[in-house]
Protein chains: 2
Amino acid sequence: MSKNNSFGNGIAILGSGNVATHLAKALFNSGYKIKTIYSRTLESAKELALNVKSDFTNNLVQVPDDADLYVLALKDEILEYIVQHLKVRHGIVVHTAGSISIEIFENTFNNFGVFYPLQTFTKGRNIDFSNVPLCIEANNEQTKNKLFELARSLTNQADFIDSEKRKKIHLAAVFACNFSNHMYSVALHLLSEQDVDFKKLEPLIKETVNKAINLSPDKAQTGPALRNDKKVIDEHIEMLNNYPEFQKIYKLISESIYKINKK
Amino acid sequence: MSKNNSFGNGIAILGSGNVATHLAKALFNSGYKIKTIYSRTLESAKELALNVKSDFTNNLVQVPDDADLYVLALKDEILEYIVQHLKVRHGIVVHTAGSISIEIFENTFNNFGVFYPLQTFTKGRNIDFSNVPLCIEANNEQTKNKLFELARSLTNQADFIDSEKRKKIHLAAVFACNFSNHMYSVALHLLSEQDVDFKKLEPLIKETVNKAINLSPDKAQTGPALRNDKKVIDEHIEMLNNYPEFQKIYKLISESIYKINKK
């Protein structure tokens, strides 16, 4: 396939978690050859390999040294071990982590970079990759061009972002994704107690998102904390007496909403 | 119009804020006659009145006493004053607040209830009311039936919810809407510093919501706090040194995510 010009000898995926799974499938579906899936757990390596018609192994020595690209979608602790022990002849090595500097690869490989998808992945859910912003970084021009070629066959939102900037974007993403999701978890727990389905909040949650995107979240804010409605706030805090954890969150976020909007 | 059987003599809207505006327009668009808009600010009463072809006033005495329905979409402090001073001959009086008990109307009116829309409203944004869950409460069967008739002409998600349950739903909504929106605000501030457009997070935020709705937020959680990835967490906390407020939020929510998922 013409797409495979720079990656004709195939791509090795190291990892079989959420990011590895989604990226391997997206690359496979875009016509790239997946050479090997490596995972510490043979069973999960096999499961992903079956989906992308590749070999699989749980033995790092069996990862071929002649792939054109090595995608390291691994937990931080394991990443350092792999960097030290992976044998690469000529291929590019990238990691997919928002919070790890490109410097982790220095003095180890010739061609390396970062391929960070700004998205939340969960196995078993399909993602339309054409919507996913990819943050690219590379240690030389040739590698950068090749990674852009790859990125642009997956999405039209590929940008060059250096490590410092990527870390800040990742931190913003933790608030916008992991922390907002935790707010939904708290709501779920409060509703379950009342036998109310979480789906009842679907129109509210979706409108909240649409307002934030279209107006900006600062302009879209509503609620008792914004109005500094002490009566409602105090009653809510009392209602959370059985949830000291949620009570602390309620107080702290209410204060922060009030402060940010007073400015 | 046939819809107006129970409300042929018109509806008085007290308030001209976000909820009053959206509800008045939705009722008007469903064919109900809006009799009067009352607001303490004549200018905003007039603005809304022009949209729903009604009279307007900032003088409570001028609110006609023969309307079939009085919708009190007011701030808590003003609500109590209005309850004490509003003259009503036969009509139903409702408020629209998530956190106020139906008891506020006792010993004052004959027919009363609550008409709480579980949605976030901001002026200038159109809302498809057919998607908005309405929580209805009433002090007698006849009033309940009339309010359901009204609610069902706006939405197919109208339910009878008593005051205690409604307060809990409102509290859940504060987490799911106001607090998640604040997480977007924090992300916005962090991204602005890097000259990155907040819209870059749109696919991430939308997938977070879709996952939460389709899988449940507990199952959908990802990120450093869930993995208890101390290295990333500590680095993030350090990156927030200039934002002590956001730093506290980061710590508290990360702890809560870890705890809720350990269970």
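Being a predicted model, the structure only gives us computed values, none of them experimental. (Residues numbered from 1 in each chain as written. Chains lettered and ligands numbered in written order. Predicted model: local features only at pLDDT ≥ 70, side-chain atom pairs only at ≥ 80, totals over all residues. Heavy atoms only, no water.)

## Section: the domain arrangement of chain A
All names here are of chain A.
- The assigned domain composition of chain A is domain 1 (2-161) and domain 2 (167-262).
- Computed from C-alpha atoms alone, the centre-to-centre distance between domain 1 and domain 2 is 36 Å.
- Residue-level contacts link eight residues of domain 1 with five residues of domain 2.
- The junction of domain 1 with domain 2 conceals about 530 Å² of combined surface from both sides, 75% of it contributed by carbon and sulfur atoms.
- For the pair domain 1 and domain 2, the number of links is zero salt bridges.
- Where domain 1 packs against domain 2, one counts zero residue pairs in polar contact (both at pLDDT 80 or more).
- Partitioning the side of domain 1 that touches domain 2 into residue classes produces four nonpolar, four polar and no charged. (Domains from an automatic or database assignment. Contact = heavy atoms within 4.5 Å. Buried area = accessible area lost by both parts, 1.4 Å probe. Salt bridge = Lys/Arg side-chain N within 4 Å of Asp/Glu carboxyl O. Polar contact = N/O pair within 3.5 Å; in protein donor to acceptor, adjacent residues only side chain to side chain. Nonpolar A, V, L, I, M, F, W, Y, C, P; charged D, E, K, R; others polar.)

## A few points about the interface of chain A and chain B
- Taken residue by residue, the interface counts 92 residues in chain A and 92 residues in chain B.
- Both sides together, the interface formed by chain A and chain B hides about 9100 Å², and carbon and sulfur atoms give 66% of it.
- The tally of links between chain A and chain B comes to 12 salt bridges.
- For the pair chain A and chain B, the interface holds 35 residue pairs in polar contact (both at pLDDT 80 or more).
- The class makeup of the residues in the side of chain A that touches chain B is 43 nonpolar, 25 polar and 24 charged.

## Brief notes about the relation of the copies chain A and chain B
- Of the two same-sequence chains, chain A is brought onto chain B (RMSD 0.0 Å, axial shift 0.0 Å) by a rotation of 180°. This pairing of chains is accounted for by a two-fold axis. When C-alpha distances to the rotation axis are compared across chain A, the minimum falls at S180(A), with a value of 2.2 Å.
- A share of 100% of the interface residues of chain A reappears at the interface of chain B, consistent with the copies meeting face to face through the same patch. (Least-squares fit on C-alpha atoms with pLDDT ≥ 70 in both.)

## Here we look at helix α2 (residues 42-52) of chain A
Residues and elements named next belong to chain A.
- Turning to α2, its buried residues number three or more, namely S44, A45, L48, A49 and V52. Angularly, the buried residues of α2 cover 135° about the axis, an arc narrow enough to put them on a single face. Within α2, the exposed residues directed more than 90 degrees away from the buried face are E43, E47 and L50.
- Buried residues belonging to α2 abut α1 (18-29), β2 (34-38) and β3 (55-57).
- Phi turns positive, to about 50°, at K53, one or two residues after α2. (Buried < 20%, exposed > 50% of the residue type's maximum accessible area, 1.4 Å probe, protein only. Helix = DSSP H or I, 4+ residues; strand = E, 2+ residues; numbered from the N terminus. Arc of directions from axis to C-beta.)

## So, the pairing of strand β4 (residues 69-72) of chain A
Residue and element names in this part refer to chain A.
- Of the two faces of β4, the one lined by L69 and V71 and the one lined by Y70 and L72 are each fully buried.
- Two elements, β4 and strand β5 (residues 92-95), share four bridges in a ladder whose sense is parallel. Bridging from a neighbouring strand, L72 pairs with H95 of β5.
- As for the winding sense of the linkage, the β-α-β connection from β4 through helix α3 (residues 76-85) to β5 is right-handed. (Pairing = 2+ DSSP bridges. Right-handed = clockwise from strand over helix to strand, strands pointing away.)

## Some remarks on the packing of aromatic side chains
- Inspection of every chain in the model, using the stated rule, returns 18 aromatic pairs over all chains.
- The interplanar angle of 55° and the centroid separation of 6.5 Å between the aromatic rings of Y184(B) and F198(B) together place this pair among those described as tilted. With a gap of 14 residues between them, Y184(B) in helix α5 (residues 163-193) and F198(B) in the loop between α5 and α6 (202-215) connect regions that are remote in the sequence.
- Members of the aromatic cluster, joined through ring pairs, are F105(A), F109(A) and F112(A).
- The lysine or arginine in question, K144(B), covers the ring of F160(B), its NZ or CZ lying 4.2 Å from the ring centre. (Phe/Tyr/Trp six-rings, centres within 6.5 Å; stacked < 30°, edge-to-face > 60°. Lys NZ or Arg CZ within 6 Å of the ring centre and 35° of its normal.)

## A few points about the packing of helix α10 (residues 244-262) of chain A against α5(B)
- It is the contact of α10(A) with α5(B), at a shortest axis distance of 10 Å, that shows an interaxial angle of 55°. Overall, the two elements α10(A) and α5(B) adopt an arrangement that is oblique. Here α10(A) runs over α5(B); the crossing is left-handed. Here F246(A), I249(A), Y250(A), I253(A), S254(A), S256(A), I257(A) and I260(A) of α10(A) come into contact with α5(B), specifically with L171(B), V174(B), F175(B), N178(B), F179(B), H182(B), M183(B), S185(B) and H189(B).
- Split by residue class, the contact of α10(A) with α5(B) holds 11 nonpolar, six polar and no charged. (Axes fitted to C-alpha atoms, helices over the stretch in contact; angles between N-to-C directions. Parallel < 35°, antiparallel > 145°, perpendicular 65-115°, else oblique. Left-handed = near helix turned anticlockwise from the far one by under 90°.)

## Some thoughts on the sheet that holds strand β8 (residues 158-160) of chain A
Residues and elements named next belong to chain A.
- Spatial ordering of the open sheet is given by β3-β2-β1-β4-β5-β6-β7-β8, a layout of eight strands whose pairing is mixed. Every interior strand has two partners, whereas the edge strands, β3 and β8, have only one. Put simply, the sheet's adjacent strands are angled 20° from each other on average, direction ignored.
- Packing against the sheet, helix α4 (residues 141-152) makes contact with β1 (11-14), β4, β5, β6 (111-117), β7 (134-138) and β8, and its axis sits at approximately 160° to β7.

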